[in-house]
Amino acid sequence: QVQLLESGGGLVQSGGSLRLSCTTSRTIAGSRTMNWYRQPPGKERELVAAITSSGITNYEDFVRGRFRNSKDKALRVVYLQKDSLKPEDKATYYCKIISPCGDSWGQGTLVSVSS
């Protein structure tokens, strides 16, 4: 099973930017999708954005226009660029890969936004 390693979380002021990274432990053949989720304190985990191995992206309304997905050619590394951060974006962010080999989650990275 593939492992995912996230990085890039931290504390940022409202209106600031952060870039999260999600790195897979190996290349996976076949069609893959990398989803980003977040879990705010005391709330349920929610889908934020997705990118496929062919480069198709999708965003939830509450981040569209502020967050942007990108990837390397093999979907080994996926980036989530987060701009214009708001206090309500504070959460633990997780990546999850969906592939023919199965699904795997990253360990999560905490993003805090000060007002």
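The coordinates are above.
What counts and what doesn't
- Residues numbered from 1 in each chain as written.
- Predicted model: local features only at pLDDT ≥ 70, side-chain atom pairs only at ≥ 80, totals over all residues.
- Heavy atoms only, no water.
- Core = buried A, V, L, I, M, F, W, Y, C linked by side-chain atoms within 4.5 Å.
- Buried < 20%, exposed > 50% of the residue type's maximum accessible area, 1.4 Å probe, protein only.
- Helix = DSSP H or I, 4+ residues; strand = E, 2+ residues; numbered from the N terminus.
- Pairing = 2+ DSSP bridges.
- Axes fitted to C-alpha atoms, helices over the stretch in contact; angles between N-to-C directions.
- Disulfide = S-S within 2.5 Å.

### Regarding the nonpolar core
So, step 1. Counting 25 residues, the largest nonpolar core has M34, W36, V48, F67 and Y93 as the members making the most contacts within it.
So, step 2. Looking at this core, the elements with two or more residues in it are β3 (18-24), β4 (33-39), β5 (46-52), β8 (77-82), β9 (91-99) and β11 (109-114).
So, step 3. Take this core: its biggest share by element is four residues, from β9.

### Remarks on the sheet that holds β3
So, step 1. Judged by pairing direction, the sheet is antiparallel, and its four strands sit side by side in the order β1-β3-β8-β7 without closing on themselves. With partners counted over all chains shown, the strands left at the sheet margins are β1 (4-7) and β7 (67-71), one partner each. Recorded for the sheet is a direction-independent mean angle of 15 degrees between the axes of neighbouring strands.
So, step 2. Bridge analysis of β7 against β8 gives five bridges, and the strand direction is antiparallel. Directly across from F67, in β8, lies its bridge partner K82.

### Quick notes on the state of the cysteines
So, step 1. For the coordinates displayed, the defined rule picks out one disulfide.
So, step 2. With a sulfur-sulfur separation of 2.0 Å, C22 is cross-linked through a disulfide to C95. Residues C22 and C95 share a disulfide whose torsion about the S-S bond is about 70 degrees; that sign makes it right-handed. On the criterion of sequence distance, the pair formed by C22 in strand β3 and C95 in strand β9 is long-range, its members being 73 residues apart. C95 shares its class with C22; the two are buried.
So, step 3. For C101, which is in no disulfide, the shortest distance to another cysteine sulfur is to C22 and amounts to 15 Å.

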